[in-house]
Amino acid sequence: MDQILSGLQGVQCYLDDILCTGANDEEHLRNLDATLQRLQQYGLRVRKEKCEFLRPSVEYLGHVIDEKGLHTAPSKIAAIVDAPSPENVSQLRSFLGLLNYYGRFIPNLASLLKPLHELLCHDKKWRWTNDCEKAFQDAKEALTSSEVLTHFNPSLPIQLACDASPYGVGAVISHTFPNGEEKPIAFASRTLNKAESNYAQLEREALSIIFGVRKFHQYLYGRKFTLLTDHRPLTTILGPHTGIPSLAASRLQRWALLLSAHSYDIKYRKSDSHCNADGLSRLPLPVTKHEPNTVDIFYFKNVERAPVSAAQVKKATRNDPDLSVVMDMVIKGQSKVDSSALKPFIDRRWELSVQSGCLLWGRRVILPQSLRAKMLEQLHAGHSGIVKMKEMARSYFWWPGLDKQIENMAKSCSSCQKTRNNPPAAPLHPWDFPQDPWYRIHIDFAGPFEDRMFLIAVDAHSKWPEVAIMKSTTSEKTVEELGEMFSRFGAPVQLISDNGPQLVSKEMSDFLQANGVQHIKSAPYHPATNGLAERFVQTLKHALKASQGQGTLHQRLHEFLLKYRTSSHSTTKASPASLMFNRELRTSLDLLKPPTVKDIVQADQRKQVKYRDIHAKDRVFVPGDSVLARNYQSKVKWAPATVIAQTGPVSYTVQTADGVWRRHVDQLLKTPNTTQELVLLSVLSRGFLTSIYVGYAVDESRARECCSLC
């Protein structure tokens, strides 16, 4: 409230108690208008019956405020101002004791009380004169003066003095100042009722404490205070540091339980020093609050709840201005009635009748205006629905606009509104289909299943699913798993999720904001908004449950994901893999396809490459080897040469008769080293390659070199 009303001129607020003022009427109305506009701006309302406008003075926070300043509130000193005159010496002594208790603050107290002191003499007969009455009133005025009373100060110690007499209770709340002086803040007293006057003295003293605590609750609650009593047993029974005695009366136990809500110390003070509370208890204010008779309340409440009878309808119909005219029209046969309010009755005049003083439409009783609201409450007593109420009403009674009022009655019933069913589901509003993969993903958690949780992410375009097995679903772990997915596929534009605590946390918000991802959260308790992820959760759970016992959890999950990603989806009519990567994933089912021409050619090429690799291993030369080098300077194709050095992985320098040449390994041939090799190679070159090759185990590569020489 302080924040709402901040900055307004002439306005003060304490909790919900607002005070608005101004130097003149114009300024006051301007401040009041600004205050009401500020309350309307923040959606707050005030009760008109609790407001007071344009008052010359108001009582605010225990003070009376007017144009002259701040004054003590009458409620604080009512116990003194309205105290009755003493009727005997005992009551007079109590009142004088109260005055003497605060005598240091009252000037000329002895002179003021001289007529009252004279009544205490033993040789003088009791006689209450005008001088005594004047002294009594002057003493009360002095006691309630500003020099005696003090304003409440939360920083000063508080003490509450309570006392009881055979016919009243009194309480004084006061401050104790640093110099030891004690000044009252407010007084309170009341008379005992018939039942309370029969209490034992112990219970009356305890009642005075409860009366004082309740009366000054706003001063005492939440603060430490001192409770003063002149009845020593109460310091044990109601002491805050001792348990409630098990043998104490039930009434005292209840009062001790009530006091346990406060923080206080209870102290005993002798009666001679307890005059302030004692005087109030012996001059109590009469109880003016009217207590209604319980029997009468019970009777009238039951009369109000009684059902509507035909006798009530008959009496109310005659008193109803419209139905009385309609009844005369029906009985006397009058047809000319000029009234728009009676048009529904005129239209049905040939169907109306009168029976035992009640107006009927067919078999239905027409109820007068005064009984309609009560009949609607009786009709809705069992909280029936609109259809049931209309069905029942059409069997018994009618009046114009009955159906509409029944509908309003059922719709305005707060109890029915709290328990009514959900409205019919609105037509599904599908998400826009994204044009690109990984544009919008839907995420959700599945599990726990087999002591694991699963983070689900489904791409809205390709329906490609990503599943992460998680031991912990904290915000930190969730961010880590999403970061791993983003590292593979990139950050999406939109991310759809429910309102799980780890998905709406600050860590998640910072992570998505850093990656430029728009986070869209579904409505609470409406999973259909995130239907893509919710449906995949069901599919995943069903698959994992069906595959239990057929491998580890990871193996079963990977097998399921491969099947799902390579199968055609019912929505897109294509597999998630083809839409995600623009290609199909290879599976074990691809082994069933027969090889194509392309596959055969590629297989033969791979064999040739393998053969060349094997053949190249034997074509390694070292310095000093005799070779044939390709000759590009004459018509002789090959020239004898000797390897000098290897200049690269497949490059050599050779010495020929014409000089030093640099040749590639493909431009060199190894020459036969023995005569036997030459003979065999010569034979092989004449067509016996296979048979002699097998018989003599001649290197095939050497044989092919010989053929190339020929």
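Residues numbered from 1 in each chain as written. Predicted model: local features only at pLDDT ≥ 70, side-chain atom pairs only at ≥ 80, totals over all residues. Heavy atoms only, no water.

S.K.: What exactly am I supposed to notice about the overall build of the protein here?
M.R.: When helices and strands are tallied, the protein shows 28 helices and 24 strands. Counting across all 710 residues of the protein, residues that qualify as buried make up 38%. Contacts spanning at least 24 positions in sequence make up 59% of the contacts within the protein whose residues lie at least 6 apart. Surface summary for the protein: the accessible area is close to 44,000 Å², and the carbon and sulfur share equals 53%. (Helix = DSSP H or I, 4+ residues; strand = E, 2+ residues; numbered from the N terminus. Buried < 20%, exposed > 50% of the residue type's maximum accessible area, 1.4 Å probe, protein only. Contact = heavy atoms within 4.5 Å. Areas by Shrake-Rupley, 256 points an atom, 1.4 Å probe, with all protein chains shown as cover.)

S.K.: Help me understand the layout of surface pockets in this model?
M.R.: Space inside the largest pocket adds up to approximately 1,200 Å³. In terms of lining, the largest pocket is formed by 34 residues, of which the most central are Ile18, Leu19, Cys20, Glu52 and Val58. Of all the secondary-structure elements, those providing two or more residues to the lining of the largest pocket are strand S2 (17-20), helix H1 (25-41), strand S3 (58-60) and strand S4 (63-66). By residue number, the principal contributor to the lining of the largest pocket is H1, which donates six residues. Among the residues making up the lining of the largest pocket, the classes are represented as 17 nonpolar, six polar and 11 charged. (1 Å grid on protein atoms, 1.4 Å probe; cavity = no way out; pocket = protein on both sides within 12 Å on 5 of 7 lines; lining within 4 Å. Points joined across faces, edges and corners; volume = space filled by probe spheres on them. Nonpolar A, V, L, I, M, F, W, Y, C, P; charged D, E, K, R; others polar.)

S.K.: Honestly, the sheet that holds strand S7 (residues 168-176) in this entry has me stumped. Any pointers?
M.R.: Sheet strands line up and pair through hydrogen bonds in the backbone, either parallel or antiparallel. Across the sheet, which stays open at both edges, the five strands sit in the order S8-S7-S6-S9-S10 with mixed pairing between neighbours. Pairing within the sheet leaves two strands with one partner each, and these edge strands are strand S8 (182-191) and strand S10 (263-268). Going from strand to strand, the sheet's axes swing by 20° on average, the running direction of each strand aside. Here six bridges tie strand S9 (residues 224-229) to S10, and the two strands are oriented parallel to one another. Bridge pairing in S10 links Thr229 to Tyr268. Along the sheet, helix H7 (residues 201-215) contacts strand S6 (158-165), S7, S8, S9 and S10; its crossing angle with S6, the most-contacted strand, is approximately 140°. (Pairing = 2+ DSSP bridges. Axes fitted to C-alpha atoms, helices over the stretch in contact; angles between N-to-C directions.)

S.K.: Honestly, the side chain of Arg372 in this entry has me stumped. Any pointers?
M.R.: Relative to the helices and strands, Arg372 is located in helix H16 (residues 369-379). Buried within the structure, Arg372 lacks any salt-bridge partner; Asp320 is the closest side chain of opposite charge, at an N-O distance of 5.5 Å. (Lys, Arg positive; Asp, Glu negative; His and termini not counted. Salt bridge = Lys/Arg side-chain N within 4 Å of Asp/Glu carboxyl O.)

S.K.: Looking at this structure, I do not really get the state of the cysteines. What am I missing?
M.R.: Linking two cysteines covalently via their sulfur atoms produces the bond known as a disulfide. Within the structure shown, the criterion is met by zero disulfides. The closest cysteine sulfur to the non-disulfide-bonded Cys416 is located on Cys413, 3.5 Å from its own sulfur. Overall, the relative accessible area of 16% leaves Cys416 in the buried class. (Disulfide = S-S within 2.5 Å.)

S.K.: Looking at this structure, how should I read helix H22 (residues 531-546)?
M.R.: Because an α-helix packs 3.6 residues into every turn, residues spaced three or four apart end up facing the same way. For H22, built from 16 residues, the straight-helix expectation of 22 Å at 1.5 Å per residue is met to within 8% by its first-to-last C-alpha distance of 23 Å. Where H22 is concerned, the buried positions are Ala533, Phe536, Val537, Leu540, Ala543 and Leu544. Down the axis of H22, the sector holding all buried residues measures 140°, keeping them to one side. In this structure, H22 carries His542, Lys545 and Ala546 as exposed residues pointing more than 90 degrees from its buried face. For H22, the secondary structure elements touched by its buried residues are strand S15 (440-449), strand S16 (452-459), strand S17 (465-470) and helix H23 (553-566). (Expected span 1.5 Å × (residues − 1). Arc of directions from axis to C-beta.)

S.K.: In this structure, what is going on with the pairing of S16? I would like to understand it.
M.R.: Looking down a regular strand, the side chains alternate between one sheet face and the other. Of all eight residues in S16, seven are buried; the element is thus mostly enclosed. The antiparallel hairpin formed by S15 and S16 contains two residues in its connecting segment, where Glu450 sits at a positive phi of about 55°. By the bridge criterion, six bridges tie S16 to S17 in an arrangement that is antiparallel. Across the sheet, the residue bridging to Leu455 is Ala468, located in S17. From the end of S16 to the start of S17, which pair antiparallel, there are five residues, and Lys463 there has a positive phi angle of about 65°.

S.K.: It is not clear to me how the sheet that holds S16 should be interpreted in this structure. Could you clarify?
M.R.: The mixed open sheet is built from five strands, whose spatial order is S17-S16-S15-S18-S19. Both outer strands of the open sheet, S17 and strand S19 (518-521), are each paired with one neighbouring strand and no more. In this sheet, neighbouring strand axes are inclined to one another by 25° on average, regardless of whether the strands run parallel or antiparallel.

S.K.: Is there a simple way to explain the confidence of the model for the protein in this structure?
M.R.: The predicted coordinates of low-pLDDT regions are not to be read in fine detail. Taken over all residues, the pLDDT of the protein has a mean of 81, while the share at 70 or more is 81%. Note that residues 290-303 has pLDDT below 50 and, in this model, two contacts with residues that lie over four places away or in other chains. A low-confidence stretch, residues 688-698 stays under pLDDT 50, and its non-local contacts, those more than four residues away or across chains, total 15 contacts. (pLDDT = per-residue confidence, 0-100.)

S.K.: Quick question: what am I supposed to make of the pattern of salt bridges here?
M.R.: In a structure, side chains of opposite charge can pair up when their charged atoms sit close to one another. Tallied over the full model, the rule gives 17 salt bridges. Close ionic contact of Glu52 with Arg55 constitutes a salt bridge, the shortest N to O distance being 3.1 Å. Between Glu466 and Arg565 there is a salt bridge, with the nearest N and O atoms lying 3.4 Å from each other. Pair noted here: Glu466 is in strand S17 and Arg565 is in helix H23, with a separation of 99 residues, a long-range link.

S.K.: Explanation requested: the environment of Met580 in the structure shown.
M.R.: By the element assignment, Met580 lies in helix H24 (residues 576-581). Relative accessible area serves as the criterion here: at 13%, Met580 is assigned to the buried category. Residues Met580 and Trp464 lie 116 residues apart in sequence; the distance between their C-alpha atoms is 6.9 Å. In this structure Met580 touches Pro437, Trp438, Asp459, Ser462, Trp464 and Phe489, once residues within four positions along its chain are discounted.

S.K.: Any chance you could explain a nonpolar patch on the surface here in plain terms?
M.R.: Together, Met1, Tyr42 and Leu44 make up a nonpolar patch on the protein surface, roughly 270 Å² of accessible area in all. With respect to the secondary-structure elements, Leu44 resides in the loop between H1 and S3. (Patch = residues over 30% accessible without salt bridge, like charges linked within 9 Å, V, L, I, M, F, W, Y side chains within 5 Å.)

S.K.: So what exactly am I meant to see when it comes to the nonpolar core here?
M.R.: In globular proteins that are soluble, nonpolar side chains generally tend to be buried together. Of all hydrophobic cores here, the largest spans 32 residues; its most connected members are Leu160, Ile173, Ile209, Phe216, Leu220, Leu227 and Leu238. Residue contributions to this core peak at six residues, all from H7. When residues no more than four places from it in sequence are discounted, the contact partners of Phe216 are Leu160, Ala171, Ile173, Ala186, Phe187 and Ala188. In terms of nonpolar packing, the next biggest core, distinct from the first, is built from 23 residues, Ile443, Met470, Leu503 and Met580 among them. (Core = buried A, V, L, I, M, F, W, Y, C linked by side-chain atoms within 4.5 Å.)

S.K.: For this particular structure, what's the right way to read the packing of H7 against helix H10 (residues 250-259)?
M.R.: Two numbers describe how H7 lies on H10: the axes approach to 11 Å, and their chain directions differ by 25°. Relative to H10, the element H7 is oriented roughly parallel. In the crossing of H7 with H10, the sense of the turn from one axis to the other is left-handed. Along the contact surface, H7 presents Leu202, Glu203, Ala206, Leu207, Ile209, Ile210, Val213 and Arg214, while H10 presents Arg251, Leu252, Trp255, Leu258 and Leu259. (Parallel < 35°, antiparallel > 145°, perpendicular 65-115°, else oblique. Left-handed = near helix turned anticlockwise from the far one by under 90°.)

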